[in-house]
Amino acid sequence: MRKFNVAVVGATGAVGEEIFRILQEKNFPINNLLPLASKNSVGKEIKFSGKTYKVQELTEEIFDKEEIDIAFFSAGGGISEKFCPIAANSGAVVIDNSSHFRMDMDVPLVVPEVNPKDIKDWRVKGIIANPNCSTIQMVLALKPLDDLYGIKRVDVSTYQAASGAGKKGMEELVLQMQDFFNFKLSDSKKEAFVHQIALNVIPHIDVPQINGYTKEEMKMVNESQKILHKNFEISATCVRVPVLRSHSESITVTFEDGIDIDLDRIKEALDGFEDVEVMDDLPNALYPMPIVSTDTDITYVGRIRKDIYKSNILHFFNAADQLRVGAATNAVRIALKWIELES
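The sections below set out a description of the structure shown in this document. Just so it is clear, the model here is predicted, and its values are computed rather than measured.

1. Some points on the overall build of the protein
Helix and strand counts for the protein stand at nine helices and 14 strands. Whereas a compact globule of 343 residues would reach a radius of gyration of roughly 20 Å, the protein reaches 20 Å, a difference of no more than 12%. Seen through its C-alpha atoms, the protein measures out along the principal axes to roughly 65 × 55 × 40 Å. Counting all 343 residues of the protein, 54% fall into the buried class. The long-range share in the protein, meaning contacts at least 24 apart out of those at least 6 apart in sequence, stands at 67%. Accessible surface computed for the protein: about 15600 Å², of which carbon and sulfur atoms make up 49%. Put simply, the protein has 39 plus and 50 minus side-chain charges, and the middle of one group is 3 Å from the middle of the other.

The following block contains the structure:
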């Protein structure tokens, strides 16, 4: 099997570190590994498959110099805007975790289990976009349902962990909880989130938009439609919760008029879909939770129930690891699918 020169931009961040873990777990065919970050991280060491790699500075020349085949970007939209085209022009396929290219008509937005055929369009700009974390775990559940009955509308409320704000978010939650038990919570720093996150929920993620939604909520709307190639109605309310890692979502799906949904068929479709697992036994307290999904590559679905009033409406709950399913794992899955399609 051919081996690839792989770069990871944002190597010392939460998602970057997770990408290294998953590359190793999946025995990714690597010839040379290049961890890249800002000047502040230069010289730090990354241990991978028994070897130690020193973090190098991200520069405009580095991609030509190192002859990179695959470049994972997870360092924010500003970095992606500048450096992704440079990496792509050097001949690398770029897999970008930021939001910058997601809605670009010439850049495929991919969840490999859902729309793998879109990967073929990578050649237009040399970039494949990784969707928003909350979008990924939602469309993994929506795709088999849409194939089964045809989705008309989706209403979703998210319960997003501190990990969605990276290392700073997780550290802030831990520090605030420590300050709470030391009776110093009022003095605790509040930088990663707009309000205190410990012992609180914040119905505000990302920048407010003129329509009353936030940017995070509109990401879910626009990205889901692009990935599923369907202009269905969707409304999202995104909420930050004091969970360290793994997002959850409460989802209501309205199918086409006149459909009487069958829960057994729905559970079979979900459980049979790649990387989705039904966990649905309410009497025995078995259902998706962050503590179950953390450090896994599965999107768990449960609390599956038919609407009380309308036969074409379904309600369910899901949970998935934001750093893995919602970011790093999806990026590596894209790369593996790209290798499969290009070989």
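2. Considering a nonpolar patch on the surface
A cluster of nonpolar side chains, Phe-180, Phe-181 and Leu-199, forms an exposed patch at the surface whose accessible area comes to about 330 Å². Within the secondary structure, Phe-181 is located in helix H5 (residues 166-181).

3. Digging into the pairing of strand E6 (residues 70-73)
Here E6 shows no split at all, with Ile-70 and Phe-72 on one side and Ala-71 and Phe-73 on the other all buried. By the bridge criterion, four bridges tie strand E1 (residues 4-9) to E6 in an arrangement that is parallel. Residue Val-9 lies in a different strand from E6, and its bridge partner there is Phe-73. For E6 and strand E7 (residues 93-96), the ladder comprises four bridges, and the chain directions are parallel. Counted as the bridge partner of Ala-71 is Val-94 from E7. What joins E6 to E7 is helix H3 (residues 77-89), and the crossover it makes is right-handed.

4. Things to note about the sheet that holds strand E14 (residues 313-320)
Taken together, six strands build an open sheet; the order of strands is E10-E9-E11-E14-E13-E12 and the sheet is mixed. Edge positions in the open sheet fall to strand E10 (233-240) and strand E12 (276-278), since each of these has one partner strand only. On average, each strand axis in the sheet is tilted by 20° relative to the strand beside it, whichever way the strands run. Bridging between strand E9 (residues 151-160) and strand E11 (residues 247-255) involves eight bridges; their strand directions are antiparallel. Bridge pairing links Ser-157 to Ser-250 in E11. Strands in contact with helix H4 (residues 133-149) are E9, E10, E11, E12, strand E13 (299-306) and E14; relative to E11, the strand with the most contacts, it is inclined by about 30°.

5. Quick word on the sheet that holds E1
Overall, parallel pairing links the six strands, which are arranged E5-E2-E1-E6-E7-E8 in an open sheet. Whereas interior strands pair on both sides, the edge strands pair on one side only; in this sheet they are strand E5 (56-57) and strand E8 (127-129). One ladder, built from two bridges, connects strand E2 (residues 30-37) with E5; its direction is parallel. By the bridge assignment for E5, Leu-36 is matched with Gln-56. Strand contacts of H3: E1, E6, E7 and E8, with the helix running at about 175° to E6, the strand carrying the most contacts.

6. Quick word on the layout of surface pockets
Taken as a whole, the largest pocket spans an internal volume of roughly 1200 Å³. In this structure, the largest pocket is lined by 49 residues; those nearest its centre are Gly-76, Ser-163, Gly-164, Ala-165 and Gly-166. At the level of elements, helix H1 (14-25), E2, H3, H5, helix H6 (215-228) and helix H9 (324-342) are the ones that each hand at least two residues to the lining of the largest pocket. Sorting elements by how many residues they give to the lining of the largest pocket places H5 first, with four residues. Split into classes, the residues belonging to the lining of the largest pocket amount to 18 nonpolar, 21 polar and ten charged.

7. Regarding the environment of Ser-246
By secondary structure assignment, the location of Ser-246 is in the loop between E10 and E11. Judged by relative accessible area, Ser-246 falls into the buried class, the value being 0%. Excluding anything up to four places from it in sequence, Ser-246 contacts Tyr-159, Ala-161, Ser-163, Pro-290, Ser-293, Thr-294, Ala-320, Asp-321 and Gln-322. A distance of 3.2 Å separates a polar atom in the side chain of Ser-246 from a polar atom in the side chain of Ser-293. Side chain to side chain, Ser-246 and Thr-294 meet in a polar contact 2.9 Å long.

8. Concerning the nonpolar core
Soluble globular proteins: nonpolar side chains tend toward being buried together. Core analysis: the largest hydrophobic core is formed by 59 residues, its most contacted members being Phe-63, Leu-142 and Phe-316. At eight residues, the largest contribution of residues to this core is made by H4.

Criteria and thresholds
Residues numbered from 1 in each chain as written. Predicted model: local features only at pLDDT ≥ 70, side-chain atom pairs only at ≥ 80, totals over all residues. Heavy atoms only, no water. Helix = DSSP H or I, 4+ residues; strand = E, 2+ residues; numbered from the N terminus. Rg over C-alpha atoms; globule rule 2.2 N^0.38 Å. Buried < 20%, exposed > 50% of the residue type's maximum accessible area, 1.4 Å probe, protein only. Contact = heavy atoms within 4.5 Å. Areas by Shrake-Rupley, 256 points an atom, 1.4 Å probe, with all protein chains shown as cover. Lys, Arg positive; Asp, Glu negative; His and termini not counted. Charge placed at Lys NZ, Arg CZ, Asp CG, Glu CD. Patch = residues over 30% accessible without salt bridge, like charges linked within 9 Å, V, L, I, M, F, W, Y side chains within 5 Å. Salt bridge = Lys/Arg side-chain N within 4 Å of Asp/Glu carboxyl O. Pairing = 2+ DSSP bridges. Right-handed = clockwise from strand over helix to strand, strands pointing away. Axes fitted to C-alpha atoms, helices over the stretch in contact; angles between N-to-C directions. 1 Å grid on protein atoms, 1.4 Å probe; cavity = no way out; pocket = protein on both sides within 12 Å on 5 of 7 lines; lining within 4 Å. Points joined across faces, edges and corners; volume = space filled by probe spheres on them. Nonpolar A, V, L, I, M, F, W, Y, C, P; charged D, E, K, R; others polar. Polar contact = N/O pair within 3.5 Å; in protein donor to acceptor, adjacent residues only side chain to side chain. Core = buried A, V, L, I, M, F, W, Y, C linked by side-chain atoms within 4.5 Å.

So yeah, pure geometry; function would need other evidence.
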